[in-house]
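Understanding the architecture of this molecule
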Amino acid sequence: MAQIEVLQPSDCIGIVDAREVVKQSTEPPPEANPETGAPTALRSFIVRHDPKMLLVPGFLTEMECEHLRQLAEGHFTRSLVGTKDTADGGDASGAPGRASVNGVYAKTAQTRTSTSCMLRPAQSGIVERIEHRVAALAGLPVEQLERLVVVRYAPGEHFNEHHDGKFRPRTVFVYLNELPEGDGGDTFFPHLGLSFVPRAGCAVMWPNARPDGKEDSRMVHAGRAPKTAVKYGFNCFFNDSVVRLMDYPTIDLAEQDAFVVDFRTLGAGRPAPPDAGGAIHTFSFDTEPKVTGVPGFATEAEIDHLFELSNNGSADEAASPGKFQPCPRRLEMPLHLIETASTPAIANLEARLAAVARFPLEHLAPLRVVRCSLKRGFSNRGCGQRAGFLCLSEAGEVFFPHLGLRCQMSTGDLLLWSNAVRAQTVDSDAYGGEGASRTGHQRVVEDMRTLRVHLPVGDATPFGVDISFADAPVRTPGS
């Protein structure tokens, strides 16, 4: 646990509002890059010199804020409180351990009532650009950046006064939406007398340790509850160790040079579909890592049911985003989130998905009906270690450029692949020296070789279902 010195609260409270700061600036706000959606320039303002705290209005664009909220939707679970992982798998207080992520032990606490979603590193091209932007702001290697955590505060939810820990030299917090004026939801530093007003896209950065390496007790802060609206933001924690382990691809083939798998030939002579009592036949392709194909996994009745639940009669009408906000055509567009086990047909489909993926059903996130992206870097890898795609279009094609694989699919065909693996033990000398995570500790390595892009087939817009198996259970018992 953090060793915090009890300090007196400040007698004066300063309100820091990025909107007012921008109004006082003589320079026009930076524009967004029309191709990437990223800001073309950033301006930081020093809020305090000791400890040094920065405010960066417009750190994210409106499109980037919406993209992160969409990625997290359906993956929110009870927020946890993190401490440095210890050699026995528990936290520094000696509490019984749960498997750590990013070298950080996490547990629930009554002091934190919000919900959170931990994104995967480089979950999309946009996420990867944001991660490197955050690292540049912090002046620290991106390898020390823990997985981004999107947080959601419903009215009345809060995170009481806490310290992020001396093992995290920098924290960057970014607000993802606006709240009604006077609705609360501020980030409050009681010992510094500073209250940051939530403004969409605004980033706040602060240190957590003093020059001698001990906790800076002045950095205790609280996420105060919004009164009527839902507040979204995300945490960017920089660890004192290397926590970002990536397996980057060594090949990058053009689509015309890739091996083509036509699911119609795989399914030739296959048995009756599952609802008629037939067996499920899976095909493992000769790639590393393995990609699994299941021709005709979903029946015609199940496909129709998915479109009915999505409030669209067919793929031709699936242009309405439902609960999601519209986004640029180059982005993958979520159209509808299917509530887990919402109908017997959905429950049966989810159970079969878990069986074929060989992953616990409790880890299966809600299915997402999506309009697919036709541009590299804009597909969603998913928040989980294992992911998949169920084709809803009459014809669709998924291209894995780093595996040299093209999969030509039809309605009801399924693809499954891994986003990450528990791989080699971490050597403290190789990853961060004396302060790194302990030697012999297996860590999750992100497998970037399974990045995909959807190819156009005729003039039709490709649609499908994104499937994600989370690292931890995301479904309530019995669902």
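Going by the structure above, here's the rest.
So, a few notes on the structure that sits alongside this text. (Residues numbered from 1 in each chain as written. Predicted model: local features only at pLDDT ≥ 70, side-chain atom pairs only at ≥ 80, totals over all residues. Heavy atoms only, no water.)

1. Description of the overall build of the protein chain
In terms of helices and strands, the protein chain carries six helices and 29 strands. A burial count over the protein chain gives 54% of its 479 residues as buried. Restricting to contacts in the protein chain with at least 6 residues of sequence separation, those with at least 24 account for 77%. Accessible area of the protein chain: about 20600 Å², with a carbon and sulfur share of 52%. (Helix = DSSP H or I, 4+ residues; strand = E, 2+ residues; numbered from the N terminus. Buried < 20%, exposed > 50% of the residue type's maximum accessible area, 1.4 Å probe, protein only. Contact = heavy atoms within 4.5 Å. Areas by Shrake-Rupley, 256 points an atom, 1.4 Å probe, with all protein chains shown as cover.)

2. Section: the pattern of salt bridges
For the structure shown, the criterion picks out 29 salt bridges. Here Arg 244 ties to Glu 131 by a salt bridge, and the two come within 3.0 Å at their closest N and O atoms. Here Glu 131 lies in helix H3 (residues 125-138) and Arg 244 lies in the loop between strand S15 (231-238) and strand S16 (246-247), a separation of 113 residues in the sequence. Judged by relative accessible area, Glu 131 falls into the buried class, the value being 2%. Between Arg 452 and Glu 332 there is a salt bridge, with its nearest N and O atoms 3.4 Å apart. Taken together, the positions of Arg 452 in the loop between strand S27 (441-447) and strand S28 (453-455) and Glu 332 in the loop between helix H5 (300-309) and strand S20 (333-338) put the pair 120 residues apart, joining distant regions of the chain. Using a relative accessible area of 6% as the deciding quantity, one classes Glu 332 as buried. (Salt bridge = Lys/Arg side-chain N within 4 Å of Asp/Glu carboxyl O.)

3. A word on the packing of aromatic side chains
Any pair of aromatic rings gets described here by the distance separating the centres and the angle formed by the planes. Under the defined criterion, the tally for this structure stands at seven aromatic pairs. On the numbers, 6.1 Å between centres and 65° between planes, the contact of Phe 263 with Phe 285 is edge-to-face. With Phe 263 in helix H4 (residues 263-266) and Phe 285 in the loop between strand S18 (283-284) and strand S19 (292-294), this residue pair connects regions lying 22 residues apart in the sequence. By the burial criterion, Phe 263 is buried, and Phe 285 matches it. Ring plane angle 45° and centroid distance 5.4 Å describe the contact between Phe 359 and Phe 469, whose orientation is recorded as tilted. One end of the pair, Phe 359, is in the loop between helix H6 (344-357) and strand S21 (367-371); the other, Phe 469, is in strand S29 (residues 463-469), with 110 residues separating them in the sequence. The pair formed by Phe 359 and Phe 469 is uniform in burial state, with each residue classed as buried. Against the face of Phe 188 rests Arg 224, its NZ or CZ located 4.0 Å from the ring centre. (Phe/Tyr/Trp six-rings, centres within 6.5 Å; stacked < 30°, edge-to-face > 60°. Lys NZ or Arg CZ within 6 Å of the ring centre and 35° of its normal.)

4. Quick notes on H3
Helical periodicity: at 3.6 residues per turn, an α-helix aligns residues three or four positions apart in one direction. Under the 1.5 Å per step criterion, the end-to-end length of H3 is 20 Å for 14 residues, consistent within 8% with the ideal 20 Å. In the core, the buried residues of H3 are packed alongside helix H2 (62-72), strand S10 (170-175), strand S13 (203-207) and S15. Downstream of H3 by a residue or two, Gly 139 has a phi angle that is positive, lying close to 70°. (Expected span 1.5 Å × (residues − 1).)

5. Notes on the nonpolar core
Of all hydrophobic cores here, the largest spans 34 residues; its most connected members are Leu 60, Leu 68, Leu 119 and Phe 234. Contributions of two or more residues to this core are made by strand S3 (52-56), H2, H3, S10, S13 and S15. Top contributing element to this core by residue count: H3, with six residues. Beyond its immediate sequence surroundings of up to four residues, Leu 68 is in contact with Leu 60, Leu 119, Val 127, Ile 130, Val 150, Leu 176 and Phe 234. By size, the runner-up hydrophobic cluster in this structure holds 27 residues, among which are Leu 349, Ala 357, Phe 359 and Phe 463. (Core = buried A, V, L, I, M, F, W, Y, C linked by side-chain atoms within 4.5 Å.)

6. Quick notes on the sheet that holds strand S7 (residues 115-118)
Spatially, eight strands are ordered S2-S3-S13-S10-S15-S8-S7-S4 in an open sheet, and the strand pairing comes out antiparallel. Each edge of the open sheet is held by one strand with a lone partner, namely strand S2 (45-49) and strand S4 (77-78). Running over the sheet, H3 touches S3, S10, S13 and S15 and is turned about 60° from S15. (Pairing = 2+ DSSP bridges. Axes fitted to C-alpha atoms, helices over the stretch in contact; angles between N-to-C directions.)

7. Concerning the packing of H5 against H6
Axis separation between H5 and H6 bottoms out at 10 Å; the angle between their running directions is 120°. With respect to H6, the axis of H5 lies oblique. Along this stretch, H5 crosses H6, giving a crossing that reads as left-handed. Listed contacts from H6 to Glu 302, His 305, Leu 306 and Leu 309 of H5 are Ala 345, Ile 346, Asn 348, Leu 349 and Arg 352. Here the residues of the contact of H5 with H6 sort into five nonpolar, two polar and two charged. (Parallel < 35°, antiparallel > 145°, perpendicular 65-115°, else oblique. Left-handed = near helix turned anticlockwise from the far one by under 90°. Nonpolar A, V, L, I, M, F, W, Y, C, P; charged D, E, K, R; others polar.)

8. A look at the packing of H2 against H3
Helix packing for two helices is described by the angle between their axes and how far apart those axes are. Where H2 contacts H3, the two axes come as close as 11 Å, and the packing angle between them is 115°. In terms of orientation, H2 and H3 fall into the roughly perpendicular class. Where H2 crosses over H3, the handedness of that crossing is left-handed. Residue-level inspection shows Met 63, Glu 64, His 67, Leu 68 and Leu 71 of H2 in contact with H3, the latter providing Ile 126, Val 127, Ile 130 and Arg 133.

9. Some thoughts on the sheet that holds strand S9 (residues 159-162)
Read from one edge of the open sheet, five strands run S1-S12-S11-S14-S9, paired in mixed fashion. The open sheet has two edge strands, strand S1 (14-16) and S9, and neither has a second partner. Averaged over all adjacent pairs, the angle separating strand axes in this sheet is 15°, with direction ignored. With three bridges connecting them, S1 and strand S12 (residues 194-196) associate as parallel partners. Paired with Ile 15 across the two strands is Ser 195, which belongs to S12.

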